[in-house]
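So you can see what is in the structure, the chains are spelled out below.
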Amino acid sequence: IRDSIETLLEELPNHLSRDDRELIKRAYELAEVAHEGQTRASGEPYVQHCLAVAQILAELGIPENYRIIAPIILGYPKNIPPMPERKEPKILKIIS
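Focus: the packing of helix H2 (residues 18-34) against helix H4 (residues 65-72)
Right, on to step 1. Their axes nearest at 9 Å, the elements H2 and H4 cross at an angle of 10 degrees. Compared by their axis directions, H2 and H4 come out roughly parallel. Across the interface between the two elements, Asp20, Leu23, Ile24, Ala27, Tyr28 and Ala31 from H2 touch Asn65, Ile68, Ile69 and Ile72 from H4.
Right, on to step 2. Across the contact of H2 with H4, the residue classes tally to eight nonpolar, one polar and one charged.

Thoughts on the nonpolar core
Right, on to step 1. Leu8, Leu12, Ile24 and Ile72 are the most contacted members of the largest nonpolar core, which has 18 residues in total.
Right, on to step 2. Secondary structure elements with two or more residues in this core: helix H1 (5-11), H2, helix H3 (46-59) and H4.
Right, on to step 3. It is H2 that provides the largest number of residues to this core, a total of five residues.
Right, on to step 4. Beyond its immediate sequence surroundings of up to four residues, Ile24 is in contact with Ile5, Leu8, Leu9, Leu12, Leu16, Asn65, Ile68, Ile69 and Ile72.

Things to note about the side chain of His35
Right, on to step 1. Relative to the helices and strands, His35 resides in the loop between H2 and H3.
Right, on to step 2. Only 2.5 Å separates the side chain of His35 from the side chain of Gln38, close enough to count as a polar contact.

Quick notes on the packing of H3 against H4
The description of two packed helices rests on the angle between their axes and on the distance between the axes.
Right, on to step 1. H4 packs onto H3 with a crossing angle of 155 degrees between their chain directions and a minimal axis gap of 7 Å. Comparing the axis directions of H3 and H4 gives the class roughly antiparallel. As H3 runs across H4, the sense of the crossing is right-handed. Here Cys50, Val53, Ala54, Leu57 and Ala58 of H3 lie close against H4, whose contacting residues are Arg67, Ile68, Pro71 and Ile72.

Reading the values: the criteria
Residues numbered from 1 in each chain as written. Predicted model: local features only at pLDDT ≥ 70, side-chain atom pairs only at ≥ 80, totals over all residues. Heavy atoms only, no water. Axes fitted to C-alpha atoms, helices over the stretch in contact; angles between N-to-C directions. Helix = DSSP H or I, 4+ residues; strand = E, 2+ residues; numbered from the N terminus. Parallel < 35°, antiparallel > 145°, perpendicular 65-115°, else oblique. Contact = heavy atoms within 4.5 Å. Nonpolar A, V, L, I, M, F, W, Y, C, P; charged D, E, K, R; others polar. Core = buried A, V, L, I, M, F, W, Y, C linked by side-chain atoms within 4.5 Å. Buried < 20%, exposed > 50% of the residue type's maximum accessible area, 1.4 Å probe, protein only. Polar contact = N/O pair within 3.5 Å; in protein donor to acceptor, adjacent residues only side chain to side chain. Left-handed = near helix turned anticlockwise from the far one by under 90°.

Next up, the structure:
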């Protein structure tokens, strides 16, 4: 599985709007910051697992943006408050 947000954005179903794509990109950026320094047992950055699951859903043609965002923010550390400059009400609603 390719492991970049750019690849994921290219593989998203065509019906997703520019706003949907931007929201998915912002969710990834939030997850990248939240999981900074965290790794899986394999040693790969934790956020790569989240991205891989989202890519699988995109390849399956999952129609809703929130269903692609959900695995990206999978395991978002609930004890880490969102950065004020990155408040994303739509993303935070999915987290809660």
